[in-house]
Amino acid sequence: ILAEVEHPTVALFEMDLDPSIPSFETILPDGLVIGKCAEAYMKHYLVTHPDFDLIADNVQVIVEGGTLGEFDFFYRDLKRQKTVHLEMACKWYLLDPDAQQGEEWTGPNRRDYLAHKVKKLYDQQFALLHDPRALPLLKAIEIDPGTTEQQLALPGFAFIPSSYEGSDPSIRPSAIIGTWCRIEEFLARKDEGKRHYLCERKEWLIDPMYNRTWHARSSIDGELTNQLQQKYSPMVWTLHPDGSVERTFIVWW
C-alpha cells in the first residue's frame, strides 16, 4: 500500500509474480484470522520462489516466561546472498480527508491507523532484531543481526470517499481498489440492474470477479443495518449490468 518506506534501514519487499511459482492450494483452517491467511500466502511465496530460501517463520522471543515479540519471517535472498528479516501486515485503510494528521488513513472500524501501524512496526517489530534479549534465539537459528537486512511487506487495500478526487503520493495508486460511503448514500444510489453481495471479513482478500452468488439490495439491507448498529463497517460487492464489479465499505461512523 505504501509508495515508499521512510526509514533508513528498512526497505519495501517487492513481490515478483514469477510464473513458475505453483498456485496456493493449502486448505486453511476455518476461523483463521485474515492476517494469518495472508501470512500463509506469503510463506508459500517464500518457500516456492526460486530466488528465496525460507529460514524460519513466526519465531517468538520468550523472555522469563513472557513473549517479548515475534519475528514474521527470516529468508535468504539467493541472488544477492543476503539474509533478510521480513515483517508483514495485511491491512485495509479508508481515507478520511477531514481527520487529524496521522489519522487520515483509518481502518474500517476506526480502531487502526496506517501511520500508527507503520510506527509500531519500526519501533517494535524491527527494533526487536537488535534487542540483546533476542540474541540467544537468533544465534540458535543462525541469524546475525549485524548482517541481516530488514524489509517490510505491507500488502494493503485503500478505499477513498465515493466523491473524492484528490490524491496521496504516499499511497500506491494501484492500492486504491474501491470507495467508502455511509448507508444513506448507498441506499440513495440508483440500483436498477445491479446485484450485491455482503462479504464476511474472511472474504476481503478475494477478488469479487470470482463471486458467483449475487442478491438484490433489499435482501441484504437488514443484515447491513444490523452490522452498522454494532459499529462494524462491512464491505459490499456490487455487480453492475456491464459486468464490472465495485467494492464499497459502508461505514458506521
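Before reading further, recall that the structure is shown in the block above.
Rules used in this analysis
- Residues numbered from 1 in each chain as written.
- Predicted model: local features only at pLDDT ≥ 70, side-chain atom pairs only at ≥ 80, totals over all residues.
- Heavy atoms only, no water.
- Helix = DSSP H or I, 4+ residues; strand = E, 2+ residues; numbered from the N terminus.
- Salt bridge = Lys/Arg side-chain N within 4 Å of Asp/Glu carboxyl O.

1. Observations concerning unusual backbone geometry
Here is step 1: Of note in the backbone geometry, Gln 81 takes a positive phi value of approximately 55° without being a glycine.
Here is step 2: Following the sequence through the fold, Gln 81 ends up in the loop between strand E3 (66–77) and strand E4 (82–88).
Here is step 3: Phi is positive for Lys 231, which is not a glycine, with a value near 60°.
Here is step 4: Assignment of secondary structure puts Lys 231 in the loop between helix H5 (221–229) and strand E11 (235–239).

2. Notes on the pattern of salt bridges
Here is step 1: Tallied over the full model, the rule gives 14 salt bridges.
Here is step 2: The partner of Asp 77 in a salt bridge is Arg 80, with the nearest N and O atoms 3.0 Å apart.
Here is step 3: The residue Glu 246 makes a salt bridge to Arg 189 at a minimum N-O spacing of 4.0 Å. In this pair, Glu 246 is assigned in strand E12 (residues 245–251) and Arg 189 in the loop between helix H4 (183–188) and strand E10 (195–198), connecting sequence segments 57 residues apart.
Here is step 4: Counted as one network, the salt bridges with shared partners bring together Asp 77, Arg 80 and Glu 149.

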